[in-house]
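Letter by letter, the chains look like this.
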Amino acid sequence: MNPIVPMIASTVVAATPLIYAALGETVVERSGVLNLGIEGMMLIGAVTGFATTYATGSAALGFLAAACAAVALSLLFGFLTLNLQTNQVATGLALTLFGIGLSAFVGYNYAGLPVNRLTPITIPGLTAIPVVGDLLFHYDIMVYLSIALFVGVQWFLTKSRTGLTLRAIGESPSVAHSIGKSVLKTRYLAVMFGGAMAGIAGAYLSLVQTPMWVEGMSAGKGWIALALVVFGTWKPTRIVVGAYLFGGVTQFQLFAQGFGLPIPTEFLSMLPYAATIIVLVIICRDPKTILLNQPASLGRSFHSAA
Amino acid sequence: MDQSGFANLKPRLVLTGITKRYPSVVANDDVSLSIRPGEIHAVLGENGAGKSTLMKMIYGVTKPDAGTIMWNDQYETIAAPAQARRMGIGMVFQHFSLFETLTVWENIALALDEPVPTAKLAPRITEVSEKYGLPVDPYRLVHSMSVGERQRVEIVRCLLQEPKLLIMDEPTSVLTPQAVLTLFKTLRRLAAEGCSILYISHKLDEIRALCDTATVLRGGRVSGTAIPRNETNEGLARMMIGGELAECRLTPREAKEERLKVERLSLASPDPFGTSLKEIDLTVRSGEILGIAGVSGNGQKELMTALSGERLSPASMIKLLGQPAGNFNPAQRRALGLTFVPEERLGRGAVPPMSLTQNALLTGARKGMVQRGIIHPSVMKAFSKNVIERFKVKCGGDQSVASSLSGGNLQKFIVGRETMLQPKMMIVAQPTWGVDVGAAQLIRQALIDLRDQGVAILVISEELDELFAISDRLAVIADGRVSPSVKPAETSIEQIGTWMSGKFGDRADDRAASANAHLETANAQA
C-alpha cells in the first residue's frame, strides 16, 4: 500500500494535541498572560484522562476530567500570577515541574495498564471512499473537534466583541482598565480556557496516540506548543499550519526509521525539534515580525491603581 | 456661546465640598465648582494641585472621601466610568487611552457600552468626525497616526456618546499651535450646542482665549474663581502659584567653538512604532542653548538615544568637541564631557529602587567618588546633599529612594546632578515636563547659568514658550528631520508651528539658502 496515505493520517493524529494546546495558549497570550505551564497541565490532563477512562470505560468522561483537572491547575497559576502578581515565567515553570511530579505520583499505579482507545468514527458512505475516505473521514472525534476549535478561536479573536476586548487587554491592560474593562476577569477566563485545552491535549496523548499512561509521556510537546504560538506569531492559522508541519516531520522520521534509511535513528528523532528551531530562527530573522504581533503586555503583571 | 447665553440656565453639575485624601497627601480639600450647559469652564492649577484627581472623581475613576456631586439637580454617586458615560459625561485623557495595534473603529467599539455592528459604526464615526471638523479614517491603525490625530479619535469616541459634559485633561500639551486653534473651534461649536466643557490646563493664554469661567486650584484647595478674559496672565498666575513669577533672563552672548556637530545623521528606528532619523544636521556651540521644538513622537526619543550613545551611528555623523564620536558608547561620551538628562526619569535618568546618593554615583563616578575602584561614600554623600540643597529637592534626605520622589522633584535632582558634573556639553530632554512652575523656573535658570559659563546646551522640549524663553537658536524636529535653526526673535509661533507639521525645506541647499536669508534679514535690521 502507498505509504503516503497512512503517513498523512498519522500526521493529523500527531498534530492534534499540539493544536489544542497551542490554540489554548494563543488565547492566554493574546490576553497578555504567558503561561509556561502547558507541559505540566498536559501531563496532569493525560494522567487524569487515563485514570478516569480506566475506571469508567468512557473516553468522553476521560477528556472531561482531564480538562477539569488542568483548569484547576491553571486556576492555581491564575491566582498566583493575577492576584498575587508573581512573575509569570517563574510561576509557569514551577507549574510545569509541579505537573510532571504530581502526574508521575498519581499515575504510578496506572503505568502499563491497558485502556480502550478512542476509536475513529466511520461515516457511512464517506469513509468507504478509497484514499479520500482514509484521508478525510477516518479520524476520531477529537480531530474534527480540533478543527472546529480552530475555526472558533479564529472567529473569536477577529470577529467577536469579547475577542476584541481580550486583544485590547493584551495590548494595554491599563488602558482597558481605564475604559472600564475587567482585566482580571478576562485574564482568568483566558487562563482557564488555556488550561482546559492543555488538559484535552494531554488526554489525547494517553487515550488516542499511545493509549496508555507513561511517566513524562508528553515528551516536550507542551514546549513545542509554546514555540508554535510564537512561530505562528499569535495567529491561529499559522499556528495550525505549524502544528501539522511539526506533526508531519515527526511522522516522516518514524516512517523513515521504518524504511531503514541509512541515517542514524538518533538524528532522525532529533529532526522535529531541529525543524522547529530552524523555522523559529527564520521567522525571528526580522525582529519586527515578532514585535508587531506580540501582545504588548505579554508576561507583565497588571496592578490597577484604583 | 457667551456669558449671557447660559447665565440663566440651571447648573448641570455642582460639586460641593469635595475632599479626597491619599495616605501621604490631601489631593482635594473642600473643592466646590459648578458648571452650566454650554459653559466652557477652566480648571487651572500647577502640577499636583489636584486637578486630575478632581476630574477622576467626576468621571467615576476614584471616589471622594467627602462632599457631594449633583448632576441635573440630583445627588449622584458615580461609582465607575461606565456609569459616568451613561449619565452623559465624556473624558479625553491627557495620556491617551488608545490601543496602538487596533484600528480606529475597534478602539471606539471597545469603549462603547452597547455593542454597535461594525457596518453601522464606521459610517457613524465618519459622520460625527466630519460634523465637528475632526477628520479620521475608521479603518486606520492607531500606531500609524500622529498624536494630534489620536486626540481626534479620543474626542470622536466621546462625541459618539453625545455627552452633556466633556472633560478635557491638558488637551493641548501634544498639539501644534495650528492644531490648537482647530481644537478650540471644535470645542466652541460643541459648547454652542449646549455641551458643558471642563477644560484642565496650566496654559494661561489658552484659558483666556477659550474659557468662559475658571476655578483655580492650589495645593488641593480652591484659591480663586475668575472670568479669564477679564484677567491678565499675571493675575491668574498669582492665583495659581500664590506669588509672583520670576522671569528668566537671557543676555545676548557670543557663541564660541563648536562643541557638538551632527552631520547627515540617519538612523532607522528598531521599534516598529518609532520614528527613523533622516539626514539630521545640527551644531551647538560653546555658550549657547539650541532649542529643539516638536510634537512628541517625531523622533525626539530617537535623537536623544543617538546623541547620548545608547544607539551607535557611524563615527563621523556625530562630532563631540571636535572628535568623531558616533561610535562611542554613553560612558565614552561622558568621558569627553557630555552629560544628559533623558526624558524618562525613572529607568533612564535614575534607577528607581536606589537611593539618591547611589544614583548620584551612577553618572558622577568620575568626580572623585571612585578612586582605584574603591567608592568614597563621603564624597558621594556630600555631592548628592549639595544637589538636594541647591536645587531644593523635596525628599526625605540623600538616602531616600529615587522612586519615592514626585516626578518634578526627581527631575530637579537629575538636572542638578548633571549640571554639577561640570559638563562641556549638555543635552536635556523635556527639562520641565511635570515640574511645577517655581521649580521649572529654577531649572531654566540653572541651564542659563551653565550657558553663561560657556557650556553648550541642547534642549529638546515640547513647551514652545519655554524654548522661546531660553534658546539662543531654535530648530524643529518633525518626522525624524530637523529644520534649520533660527533666532527666537526672528521667528514667530506661527512659523514654528508650520515647521512642526513638517513643512520646511529638507535639502542641504534649502538650508543654506534659508540661513543666508536669515543673515540678510539680520543685516538689514542692523
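Residues numbered from 1 in each chain as written. Chains lettered and ligands numbered in written order. Predicted model: local features only at pLDDT ≥ 70, side-chain atom pairs only at ≥ 80, totals over all residues. Heavy atoms only, no water.

Moving on: the overall build of chain B. When helices and strands are counted, chain B shows 18 helices and 22 strands. For 526 residues, the compact-globule estimate of 2.2 N^0.38 gives 24 Å, and the C-alpha radius of gyration of chain B, at 24 Å, lies within 12% of that figure. Out of the 526 residues belonging to chain B, those deemed buried represent 52%. In chain B, once contacts between residues fewer than 6 apart in sequence are set aside, the share between residues at least 24 apart is 67%. Of the accessible surface of chain B, which amounts to about 22,500 Å², a share of 52% is contributed by carbon and sulfur atoms. Separation between the mean location of the 61 positive side-chain charges and that of the 58 negative ones in chain B comes to 4 Å. (Helix = DSSP H or I, 4+ residues; strand = E, 2+ residues; numbered from the N terminus. Rg over C-alpha atoms; globule rule 2.2 N^0.38 Å. Buried < 20%, exposed > 50% of the residue type's maximum accessible area, 1.4 Å probe, protein only. Contact = heavy atoms within 4.5 Å. Areas by Shrake-Rupley, 256 points an atom, 1.4 Å probe, with all protein chains shown as cover. Lys, Arg positive; Asp, Glu negative; His and termini not counted. Charge placed at Lys NZ, Arg CZ, Asp CG, Glu CD.)

This brings us to the sheet that holds strand S7 (residues 165-169) of chain B. All names here are of chain B. Reading across from one edge, S6-S7-S8-S3-S9-S10 is the order of the six strands in this open sheet, with mixed pairing throughout. Whereas interior strands pair on both sides, the edge strands pair on one side only; in this sheet they are strand S6 (89-92) and strand S10 (221-226). On average, adjacent strands in this sheet sit at an angle of 20° to one another, irrespective of strand direction. Here five bridges tie strand S9 (residues 213-218) to S10, and the two strands are oriented antiparallel to one another. From the neighbouring strand, Arg218 faces S10, where its bridge partner is Arg221. (Pairing = 2+ DSSP bridges. Axes fitted to C-alpha atoms, helices over the stretch in contact; angles between N-to-C directions.)

Here the focus is a nonpolar patch on the surface. All names here are of chain A. On the surface, Leu76, Phe98, Leu102, Phe105 and Val106 cluster together into a nonpolar patch covering about 470 Å² of accessible area. Take the nonpolar patch: its biggest share by element is four residues, from helix H4 (residues 88-106). Along the chain, the position of Val106 falls in helix H4. Using a relative accessible area of 39% as the deciding quantity, one classes Val106 as partly exposed. (Patch = residues over 30% accessible without salt bridge, like charges linked within 9 Å, V, L, I, M, F, W, Y side chains within 5 Å. Salt bridge = Lys/Arg side-chain N within 4 Å of Asp/Glu carboxyl O.)

In this complex, chain B contributes 21 residues to the contact, which on the side of chain A involves 16 residues. Taking both sides of the interface into account, the surface hidden between chain B and chain A amounts to around 1,600 Å²; carbon and sulfur atoms contribute 69%. When the buried area of chain B at its contact with chain A is split by residue, B:Phe99, B:Leu110 and B:Pro272 rank highest and sum to 36% of it. In this structure, the connection of chain B to chain A is made through one salt bridge. One salt bridge connects A:Arg167 with B:Glu106, and the closest N-O pair in it is separated by 3.2 Å. Taken together, chain B and chain A are joined by five residue pairs in polar contact (both at pLDDT 80 or more). Secondary structure elements with two or more residues in the side of chain B that touches chain A: helix H3 (81-87) and helix H4 (104-111) of chain B. Sorting elements by how many residues they give to the side of chain B that touches chain A places H4(B) first, with four residues. Tallied by class, the residues present in the side of chain B that touches chain A amount to 14 nonpolar, three polar and four charged. (Buried area = accessible area lost by both parts, 1.4 Å probe. Polar contact = N/O pair within 3.5 Å; in protein donor to acceptor, adjacent residues only side chain to side chain. Nonpolar A, V, L, I, M, F, W, Y, C, P; charged D, E, K, R; others polar.)

Next up on the list: the nonpolar core. Counting 108 residues, the largest nonpolar core has B:Ile108, B:Leu166, B:Met168, B:Leu187 and B:Tyr199 as the members making the most contacts within it. Formed by 70 residues, the second largest nonpolar core is a distinct cluster that contains A:Leu18, A:Ile19, A:Val28 and A:Ile44. (Core = buried A, V, L, I, M, F, W, Y, C linked by side-chain atoms within 4.5 Å.)

Before going further, it helps to examine helix H6 (residues 147-159) of chain B. Residues and elements named next belong to chain B. For H6, with 13 residues, the first-to-last C-alpha span of 18 Å sits near the 18 Å given by 1.5 Å per residue. Those residues of H6 lying buried are Val147, Glu149, Arg150, Gln151, Val153, Glu154, Ile155, Val156, Arg157, Cys158 and Leu159. Of the surrounding secondary structure, the elements contacted by the buried residues of H6 are S6, H4, helix H5 (118-131), S7 and helix H7 (177-192). (Expected span 1.5 Å × (residues − 1).)

In this structure, A:Trp234 takes a positive phi of about 60° despite not being glycine. Assessed through its relative accessible area of 2%, A:Trp234 is described here as buried. Of note in this structure, B:Gln430 is not a glycine but carries a positive phi near 45°. Structurally, B:Gln430 is set in the loop between strand S19 (425-429) and helix H15 (437-452).

Residues and elements named next belong to chain B. By the secondary structure assignment, Lys394 is in the loop between helix H13 (377-390) and helix H14 (407-419). Between the C-alpha atom of Lys394 and that of Val428, which follows or precedes it by 34 residues, the distance is 21 Å. Look past the residues within four positions of Lys394 in its chain and what remains in contact with it is Leu405 and Asn409.

Once that is clear, we can look at the domain arrangement of chain B. Residue and element names in this part refer to chain B. By the assigned domains, chain B splits into domain 1 (4-241), domain 2 (266-337 + 423-525) and domain 3 (352-419). Here the C-alpha centroids of domain 2 and domain 3 sit 27 Å apart. Facing 15 residues of domain 2, the contacting portion of domain 3 comprises 10 residues. Both faces combined, the contact of domain 2 with domain 3 buries some 1,100 Å², and carbon together with sulfur accounts for 66% of it. It is Arg334, Leu442 and Ile443 that lose the most area in domain 2 upon contact with domain 3, and together they represent 41% of the buried surface on that side. For the pair domain 2 and domain 3, the number of links is one salt bridge. The partner of Arg334 in a salt bridge is Glu418, with the nearest N and O atoms 2.9 Å apart. Across the contact surface, domain 2 and domain 3 share three residue pairs in polar contact (both at pLDDT 80 or more). Elements supplying a minimum of two residues to the side of domain 2 that touches domain 3: helix H11 (330-335), S19 and H15. Counting residues per element, the side of domain 2 that touches domain 3 draws most heavily on H15, at five residues. In the side of domain 2 that touches domain 3, the residues fall into 12 nonpolar, two polar and one charged. (Domains from an automatic or database assignment.)

All right, on to the side chain of B:Lys51 then. Residue and element names in this part refer to chain B. In this structure, Lys51 sits in helix H2 (residues 51-58). By relative accessible area, Lys51 is classed as buried at 4%. A polar atom in the side chain of Lys51 sits 3.2 Å from the side chain of Glu170. Those residues in contact with Lys51 that sit more than four places away from it in its chain are Val43, Leu44, Gly45, Glu46, Glu170, Ile200, Ser201, His202 and Leu217.

With that settled, the discussion passes to the packing of aromatic side chains. Residues and elements named next belong to chain A. A full pass over the atoms with the stated rule returns six aromatic pairs over all chains. Relative to Tyr110, the ring of Tyr54 has its centre 6.0 Å away and its plane inclined at 85°; by these criteria the two rings are edge-to-face. With a gap of 56 residues between them, Tyr54 in helix H2 (residues 38-56) and Tyr110 in the loop between H4 and helix H5 (132-136) connect regions that are remote in the sequence. Exposure remark for Tyr54: the relative accessible area of 40% places this residue in the partly exposed category. Both rings, one in Tyr139 and one in Tyr144, keep their centres 6.2 Å apart while their planes meet at 65°; by these two values the pair is edge-to-face. Among the residues examined, Tyr139 registers a relative accessible area of 6% and is labelled buried. A connected cluster of aromatic rings, assembled from ring pairs, spans Phe50, Tyr54 and Tyr110. (Phe/Tyr/Trp six-rings, centres within 6.5 Å; stacked < 30°, edge-to-face > 60°.)

The next thing to look at is the pairing of strand S21 (residues 473-478) of chain B. Residue and element names in this part refer to chain B. The buried fraction of S21 amounts to six of the six residues, a majority that puts the element mostly inside the structure. Burial along S21 is two-sided: the residues Arg473, Ala475 and Ile477 and Leu474, Val476 and Ala478 are all buried. Two strands pair when backbone bridges link them, and strand S13 (residues 289-293) and S21 are joined in this way by four bridges, in the parallel orientation. What sits directly across from Ala293, in S21, is Val476. One ladder, built from two bridges, connects S21 with strand S22 (residues 481-482); its direction is antiparallel. Counted as the bridge partner of Ile477 is Val482 from S22. The turn linking S21 back onto S22 is made up of two residues, and Asp479 within it adopts a positive phi angle of 50°.

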